[in-house]
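The residues making up each chain are set out below.
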There are 2 protein chains.
Amino acid sequence: MKHLTSLRYIEAVARSGSIRQAAETLAITSTALNRRILAMEEDLGVPIFERLPRGVRLSAAGEILIHHIRTQISDMERVKSQIADLSGERRGHIAIACSQALLPHFLPEQIAVYRGAHSAVTFEVLLRDRDAAERALVDMTADLALVFEPVRMAEFEVLLTVRQPVHVVMTRHHPLAGHRTLRLRDCLAHPVALPTEAYGVRHLLEAAVRRTSLNLRPVVESDSFEFLRFQALSEDILTFQIPIGLPEPGQWPHMVSLPLDERDVPPGILYFGQLKGRTLPVAAARFAQQLQERFTERFDCV
Amino acid sequence: MKHLTSLRYIEAVARSGSIRQAAETLAITSTALNRRILAMEEDLGVPIFERLPRGVRLSAAGEILIHHIRTQISDMERVKSQIADLSGERRGHIAIACSQALLPHFLPEQIAVYRGAHSAVTFEVLLRDRDAAERALVDMTADLALVFEPVRMAEFEVLLTVRQPVHVVMTRHHPLAGHRTLRLRDCLAHPVALPTEAYGVRHLLEAAVRRTSLNLRPVVESDSFEFLRFQALSEDILTFQIPIGLPEPGQWPHMVSLPLDERDVPPGILYFGQLKGRTLPVAAARFAQQLQERFTERFDCV
DNA sequence: CGTGATGGTGCAATTTTTGCAGCGGTGGGA
DNA sequence: TCCCACCGCTGCAAAAATTGCACCATCACG
């Protein structure tokens, strides 16, 4: 899209904070880039960037402009995909920002299903915490986001919320494996492996024990849910995860997962959303629709 | 705005239906224009226009694109006005499509008030019937619209509706001038001057008499409300108008206006609105706000 | 008190855009 | 039926714009 060149250049500068660096990544000279910026500032009658000794920073006007530019670029993508849609095949690119729990099973499966029907659509899955995910929506690095619990809802438009009770994961031979649901105090009587503080599950557990006389004393901590499962398997201890991150029961012969009693630990809430007010490209909109259907089929949604 | 040139060119072609004609109005050669179109079609991979023997017409893809182009252009205007707003003075241009009744008093007064505060803002007032007004919103010839009664609400976002009871206009010496409200049958016992079928007031009256045994027998018809008032004055007959089109009582020594009884003729409804989903430029948004305030102060609004 | 990074500028090379002249095609009116 | 006016499109040369190179001034940092 020829007419967006200047806008893309400016976006790159805003992103990197330096004309020369941006020029590097854009594979042009800083001269050309600098001149495009000056030309745009001339057009607007106002500087877009503040010149600092170590680079540039968006001015107030630049902030307004950059938001407009990002919308323009993404809108043009949407229009192109809508037009491509007219001639049959759906094309496009979908970027999703999500937390780790979605990566191992749910998303790959859903993407496979979607790509089965529309193989010209490409995907980009970005691991982001809640804050980074929302920023990705704002700068349109991502079309959709799937994050846990507290989002600064300012720019986040919730498409669906999914209740995810915390599950206890263990081998089939663990003493607790026979129960239907588990109380927190019973679990903490056994050695446990926990995710690090950065994760929502850990937060929920911390909040829960704070209301009791219990103590979380993990024998292993990790920021990888996969590692925690292997640890639980090999050492026959407990770990905690949410259902969406777990394999389907059939694909998981040696282990079981049981829900924690909700009186002890409230369920985590998974938020599925997009940038407020944005019209998604066709492909992303349809994929979002597919996700919503699968969510409501398989989980407890609101 | 340099980077919008191609888009503006294409918009002009879509509007005029001919490359050569559009080139004429754009003061460039048809060659240059043609080549820009071909380049854009190359970019999109799809023709924007169908080539007909007597010109061009938008293809399906072109329809999608042209909508995008119009929003892009108007968005850029909005951004520019937002940026100008940062540095104090409000600039911008406001285009309003409205029916005749607004032209003589209400709009000039409101525009004068607004321009008193923001003299760098320019206005454009377009006389349009309900259908043309909505089309003007869609192709962004107009930012705001003020129209009567039935709108194909598809793309019309109502900001406010104003009840406008039909008034009877006459000289101070007319036999009916003493009443507080008037019944339709009393009015029709006297000679009347009416607007033509094209106007909402006439519609309301026609609909009213259809439910009775009365007959509308205008001695004068006109499509000019101003003419009708002068006619009523010089010949001492009745005419019908809505309050927003009438001068303030003080500025109007020889005539009076009395509401028709609403049991006979339902009030007309004035719709104030914009294009659905569009974010207006600052200037237009603030002017819309001013209008809403005046409307609610002076008339019966919903 | 250098040193290395930053943004900005003059000038020439290069690329892109434009205008002119002309082609082939189509449809309405004499 | 035959023009003729109008349409979109193209080759080529002129004009305009963008770009790259070399270089400058500035400022933070060691």
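Here is a short report on the structure shown in this document. (Residues numbered from 1 in each chain as written. Chains lettered and ligands numbered in written order. Predicted model: local features only at pLDDT ≥ 70, side-chain atom pairs only at ≥ 80, totals over all residues. Heavy atoms only, no water.)

**Some thoughts on the relation of the copies chain B and chain A**
When chain B is fitted to chain A, the residual RMSD is 0.1 Å, and the transformation amounts to a turn of 180 degrees plus an axial shift of 0.0 Å. Here the copies are linked by what is in effect a two-fold axis. For chain B, the minimum C-alpha distance to the rotation axis belongs to B:His3 and amounts to 2.7 Å. (Least-squares fit on C-alpha atoms with pLDDT ≥ 70 in both.)

**Section: the pattern of salt bridges**
Two side chains carrying opposite charge are able to pair once their charged atoms lie near each other. In the structure shown here, the tally under the stated rule is 37 salt bridges over all chains. Here A:Asp143 makes a salt bridge to A:Arg278, at a shortest N to O gap of 3.0 Å. You can see A:Asp143 sitting in the loop between α6 (130-138) and β5 (144-148) and its partner A:Arg278 sitting in the loop between β12 (268-275) and α10 (282-298), a full 135 residues away along the chain. The salt bridge partner of B:Glu109 is B:Arg298, with a shortest N-O separation of 3.1 Å. Here B:Glu109 is found in helix α5 (residues 106-117), whereas its partner B:Arg298 is found in helix α10 (residues 282-298), with 189 residues between them in sequence. A residue is classified by how much of its surface remains accessible, and B:Arg298, at 32% relative accessible area, is partly exposed. Salt bridges here are not isolated pairs; linked through shared partners, they connect A:Glu11, A:Arg15, A:Arg70 and A:Asp139. (Salt bridge = Lys/Arg side-chain N within 4 Å of Asp/Glu carboxyl O. Helix = DSSP H or I, 4+ residues; strand = E, 2+ residues; numbered from the N terminus. Buried < 20%, exposed > 50% of the residue type's maximum accessible area, 1.4 Å probe, protein only.)

**Side note on the interface of chain B and chain A**
In this assembly, 21 residues from chain B lie in contact with 21 residues from chain A. In this assembly, chain B packs against chain A so that about 2100 Å² is buried in total across both faces, 74% of it on carbon and sulfur atoms. Along the contact surface separating chain B from chain A lie 0 salt bridges. Our count for the chain B to chain A interface comes out at 3 residue pairs in polar contact (both at pLDDT 80 or more). Here the side of chain B that touches chain A takes 13 residues from helix α4 (residues 60-86) of chain B, the largest share from any one element. Residues that form the side of chain B that touches chain A fall into these classes: 13 nonpolar, 4 polar and 4 charged. (Contact = heavy atoms within 4.5 Å. Buried area = accessible area lost by both parts, 1.4 Å probe. Polar contact = N/O pair within 3.5 Å; in protein donor to acceptor, adjacent residues only side chain to side chain. Nonpolar A, V, L, I, M, F, W, Y, C, P; charged D, E, K, R; others polar.)

**Points about the packing of helix α2 (residues 19-26) of chain A against helix α3 (residues 30-44) of chain A**
All names here are of chain A. It is the contact of α2 with α3, at a shortest axis distance of 8 Å, that shows an interaxial angle of 115 degrees. Here the hand of the crossing between α2 and α3 comes out right-handed. Each of Ile19, Arg20, Ala22, Ala23 and Leu26 in α2 lies in contact with α3, whose residues at this interface are Ser30, Leu33, Asn34 and Ile37. Along the lines of polarity and charge, the residues of the contact of α2 with α3 split into 6 nonpolar, 2 polar and 1 charged. (Axes fitted to C-alpha atoms, helices over the stretch in contact; angles between N-to-C directions. Left-handed = near helix turned anticlockwise from the far one by under 90°.)

**What about the state of the cysteines?**
By the definition in use, this model includes 0 disulfides over all chains. Not part of a disulfide, A:Cys301 finds its nearest cysteine sulfur in A:Cys98, a span of 16 Å. (Disulfide = S-S within 2.5 Å.)

**Digging into the protein's contact with DNA strand D**
The environment of DNA strand D is made up of 21 residues, and the closest members are A:Thr29, B:Ile19, B:Arg20, B:Asn34 and B:Arg51. Close to the protein, within 4 Å, the atoms of DNA strand D are drawn from sugar and phosphate at a rate of 63%. The separation between a phosphate oxygen of DNA strand D and a polar main-chain atom of B:Ile19 is 2.7 Å. Going through the elements one at a time, α3 of chain A together with α2 (19-26), α3 (30-44) and β2 (55-58) of chain B are the ones with two or more residues in the surface near DNA strand D. (Near = heavy atom within 4 Å.)

**Remarks on the nonpolar core**
With 53 residues, the main nonpolar core has A:Leu65, B:Phe49 and B:Leu65 as its most contacted residues. Each residue touching A:Leu65, except ones within four places of it in the same chain, is listed here: A:Met40, A:Leu44, A:Ile48, B:Met76, B:Val79 and B:Ile83. (Core = buried A, V, L, I, M, F, W, Y, C linked by side-chain atoms within 4.5 Å.)

**Thoughts on α3(B)**
Here α3(B) contains 15 residues, and its C-alpha end-to-end distance of 21 Å stays within 8% of the 21 Å for a straight helix at 1.5 Å per residue. Turning to α3(B), its buried residues are B:Leu33, B:Ile37, B:Met40, B:Glu41 and B:Leu44. Buried residues along α3(B) cover an arc of 100 degrees about the axis, so they all sit on one side. With respect to the buried face of α3(B), the exposed residues turned more than 90 degrees away are B:Arg35 and B:Glu42. In this fold, the buried residues of α3(B) make contact with α4 (60-86) of chain A together with α1 (5-16), α2, β1 (49-52) and α4 of chain B. (Expected span 1.5 Å × (residues − 1). Arc of directions from axis to C-beta.)

**A short note on the packing of helix α5 (residues 106-117) of chain A against α10(A)**
Residues and elements named next belong to chain A. Where α5 meets α10, the axes come as close as 11 Å, and the angle between the chain directions of the two elements is 125 degrees. In terms of orientation, α5 and α10 fall into the oblique class. The crossing of α5 and α10 is right-handed. Here Phe106, Leu107, Glu109, Gln110, Ile111, Val113 and Tyr114 of α5 lie close against α10, whose contacting residues are Ala283, Arg286, Phe287, Gln290, Leu291, Arg294, Phe295 and Arg298. In terms of residue class, the contact of α5 with α10 is built from 9 nonpolar, 2 polar and 4 charged. (Parallel < 35°, antiparallel > 145°, perpendicular 65-115°, else oblique.)

**Quick look at the sheet that holds strand β3 (residues 92-98) of chain B**
Strand pairs in the sheet, formed through backbone hydrogen bonds, run parallel or antiparallel to each other. Residues and elements named next belong to chain B. As summarised here, the arrangement of the 6 strands in space is β4-β3-β5-β12-β6-β13, forming an open sheet in which the pairing is mixed. Single-partner strands in this sheet number two, and they are β4 (121-127) and β13 (300-301). Sheet topology note: the strand β6 (residues 156-164)/strand β12 (residues 268-275) ladder contains 8 bridges and is antiparallel. Bridging from a neighbouring strand, Thr161 pairs with Tyr271 of β12. Against the sheet, helix α6 (residues 130-138) makes contact with β3, β5 (144-148), β6 and β12, and its axis sits at roughly 165 degrees relative to β5, the strand it touches most. Docked against the sheet, α10 engages β3, β4, β5, β6, β12 and β13, running at close to 25 degrees with respect to β6. (Pairing = 2+ DSSP bridges.)

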